[in-house]
Amino acid sequence: LSLEADLRRAIEGNQLFLAYQPQFDFTQRRVIGLEALARWQHPTLGLVLPEQFIPMAEENGLIEPIGAWVLETACRQQAAWVAEGLTDGSMSVNVSLQQLRQPDFIELVTDTLSRSGLPARHLELELTESVVMQELDRVMQTLETLPSSAVRLSIDDFGTGYSNLSHLKKLPIHRLKIDHSLIRGLPLDQENAAIAGAIISMSKRLGFEVLAEGVETQEQASYLHSLECDAGQGYLFAGPMSAQDCTDFLRDQA
Ligand code: G
Ligand code: G
Ligand code: NA
Ligand code: MN
């Protein structure tokens, strides 16, 4: 309960910050996007990871102000990097079910884009597979009303939930992100190879981009590339890093 009280103070106390993890195109080996990942620098506990505070925030309503702060911070940062010519890709922001259910969620996204000056095509919203399947109608409605529908949508942690695959084709999805648990052990793990391969070929046929999460080895990257997976994210390329480190990283890539 005290951690909950601390989290309430964390937002005003500037204790939250974002880490950014690059996403790489397998063919061109260049950065095509960044994912914003929330971090909490607790005054006495030190660094608290999102696994510990996001579920708590989703239960106690704090996910709304935290999510709004994440969206704002990520959009402003991306607008600055785009203006500097350091990226022309997307900034992925994770969105919780509770945020999507807010009646003013679309307004929040629209207002945040205009306040930050970020063109909609540079923003990608990440919804987990289970959220998308639970709230199919709301997701459809939300996305159809977003600014010029140019905001991108990706399905996170794909392959871990229970997708009704026939629903996928109805959704205005840009990209599937294959969960890292299915990338582990590739190419030797035959079960993961079968599932990851099936997700990649399904994505191609449905016209979605596909990204593999948790790419840690060159063997995984080569194998995924050979299956025509578009992009990867993981420690092989770069881990999540501070805004300053990410600025340096993007400069080095340019
Ligand atoms: O960085 P990693 O430990 O960094 O992230 C762990 C999990 O926390 C991931 O599943 C990620 O989607 C989730 N997460 C990270 N940042 C946010 C955020 O700003 N909002 C939500 N809803 N989830 C987040
Ligand atoms: O949204 P989500 O669950 O997918 O967030 C990605 C999580 O995966 C973050 O916690 C991030 O720190 C972590 N992560 C990033 N790259 C790697 C990787 O190469 N391997 C593993 N195991 N985790 C990673
Ligand atoms: Na994510
Ligand atoms: Mn994920």
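The shown structure was predicted, so the numbers you read here are calculated from the model rather than taken from an experiment.

Some remarks on the site of ligand 2
If you check the shell around ligand 2, you find 14 residues, and the closest are G214, E216, G234, Y235 and P240. The class makeup of the residues in the shell around ligand 2 is four nonpolar, six polar and four charged.

Description of the site of ligand 1
Around ligand 1 sit L37, A38, L49, P50, E51, I54, G67, V70, N94, S96 and P240, and those are all the residues in its vicinity. Of all the elements in the fold, those that place two or more residues in the shell around ligand 1 are β2 (31–42), α2 (50–60) and α3 (63–83). Considered class by class, the residues forming the shell around ligand 1 number seven nonpolar, three polar and one charged.

Observations concerning the pairing of strand β8 (residues 209–212)
Note: strand β7 (residues 175–178) against β8, four bridges, orientation parallel. Within β8, the residue paired with I178 across the bridge is A212. Between the parallel pair β7 and β8, the chain is carried across by helix α9 (residues 190–206), and the sense of this crossover is right-handed. The pairing of β8 with strand β9 (residues 231–232) spans two bridges and is parallel. Residue pairing for β9: L211 is matched across the bridge by A231. Crossover connection from β8 via helix α10 (residues 218–226) to parallel β9: handedness right-handed.

Looking at unusual backbone geometry
Backbone torsion omega between L186 and P187 reads 0°, so that peptide bond is classified as cis. Positionally, P187 belongs in the loop between β7 and α9. Phi angles above zero are rare outside glycine, and N14 is one such case at about 55°. Its place among the elements puts N14 in the loop between α1 (2–12) and β1 (16–25). By C-beta crowding, N14 is classed as exposed, having 8 other C-beta atoms within 10 Å. Residues other than glycine seldom take positive phi values, yet D157 does so here, at roughly 55°. Within the element layout of this structure, D157 appears in strand β6 (residues 152–158).

Things to note about the confidence of the model for the protein
Scored by pLDDT, the protein has a mean of 94; 98% of the residues are at 70 or more. The ipTM for the predicted assembly is 0.96, set against a pTM of 0.96.

Parameters at a glance
- Residues numbered from 1 in each chain as written.
- Chains lettered and ligands numbered in written order.
- Predicted model: local features only at pLDDT ≥ 70, side-chain atom pairs only at ≥ 80, totals over all residues.
- Near = placed C-beta within 6 Å.
- Nonpolar A, V, L, I, M, F, W, Y, C, P; charged D, E, K, R; others polar.
- Helix = DSSP H or I, 4+ residues; strand = E, 2+ residues; numbered from the N terminus.
- Pairing = 2+ DSSP bridges.
- Right-handed = clockwise from strand over helix to strand, strands pointing away.
- Buried ≥ 20, exposed ≤ 12 C-beta atoms within 10 Å, placed from the backbone.
- pLDDT = per-residue confidence, 0-100.

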